[in-house]
Amino acid sequence: MGLSDIAAALETTTTEQHSRRVPTVDDTDVSLRTRFETHADALPCAPAEAERVVEAYGSGTTVGDSARAAGVAPVTAAKVLHRCGEAGVNPLAPEARRIVRDWLDGQLSRADALALTRADESEFALATYIETHDPIDPLVEAVEGALTDHGDAAVAKRDSLAETMSSVTDLQF
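Residues numbered from 1 in each chain as written. Predicted model: local features only at pLDDT ≥ 70, side-chain atom pairs only at ≥ 80, totals over all residues. Heavy atoms only, no water.

**A word on the side chain of S66**
At step 1: Tracing the sequence through the fold places S66 in helix α4 (residues 63-70).
At step 2: Exposure remark for S66: the relative accessible area of 0% places this residue in the buried category.
At step 3: Within the structure, S66 has its side chain in polar contact with the backbone oxygen of T62 (distance 2.8 Å).
At step 4: Contacts of S66, omitting those with residues within four sequence positions, involve V53, A56, Y57 and T61. (Helix = DSSP H or I, 4+ residues; strand = E, 2+ residues; numbered from the N terminus. Buried < 20%, exposed > 50% of the residue type's maximum accessible area, 1.4 Å probe, protein only. Polar contact = N/O pair within 3.5 Å; in protein donor to acceptor, adjacent residues only side chain to side chain. Contact = heavy atoms within 4.5 Å.)

Listed below in structure tokens is the structure:
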């Protein structure tokens, strides 16, 4: 049986095919500030300040510079970015984040958790906020194009290999 025999046996359809797509709503006319105002109670600052933080950070500035542009504290800017889905604002490595979760679960005292993470008070407070507050899905979608990956490749590599590295606490006898 050759290709011509197979082709002769095929039937063709002459009707038109209708597109079967999921309908979408284009709400690009909705401003970022309006979206922030919808979730104002869940944000650590006013919607206008949150908008300035995201716009400044999205243009490539650091968290600190974004905070100065918005007139807020750097930790507040980091909280805003976290609530908008930016993963690169957590100051702790994965193992230290696990220690913070253990403290939140009541398995460690705060003093022990602070010592084991080797974080200062503000880093520990920000990590605690990040562990206890999830990103807000509508805001994550709203800023998806504005926020780009500003991560450091060396930090990303360190974080991904953290489980394979030993720490000082592993050397206990």
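**Considerations on the environment of T76**
At step 1: For T76, the position within the fold is in helix α5 (residues 74-83).
At step 2: The exposure class of T76 is buried, given its relative accessible area of 16%.
At step 3: Measuring from C-alpha to C-alpha, the distance between T76 and V63 comes to 9.5 Å, with 13 residues separating the pair along the chain.
At step 4: Discounting chain neighbours no more than four positions away, the residues touching T76 are P44 and C45.

**Here we look at unusual backbone geometry**
At step 1: The backbone of R118 shows a phi angle near 55°, a positive value even though the residue is not glycine.
At step 2: By secondary structure assignment, the location of R118 is in the loop between α7 (110-117) and α8 (121-132).

**Observations regarding the nonpolar core**
At step 1: Grouped together as the largest cluster of nonpolar side chains are 22 residues, with contacts concentrated most on F36, V53, V54, V72, V80 and C84.
At step 2: Among the secondary structure elements, those contributing two or more residues to this core are α2 (32-38), α3 (47-58), α4, α5 and α8.
At step 3: Leaving out residues up to four positions away in the same chain, V72 has contacts with C45, E49, V53, A67 and A77.
At step 4: If you look at the next biggest cluster of nonpolar residues, it comprises 9 residues, including A96, L114, A119 and A127. (Core = buried A, V, L, I, M, F, W, Y, C linked by side-chain atoms within 4.5 Å.)

Distances and angles like these do not, on their own, reveal function.
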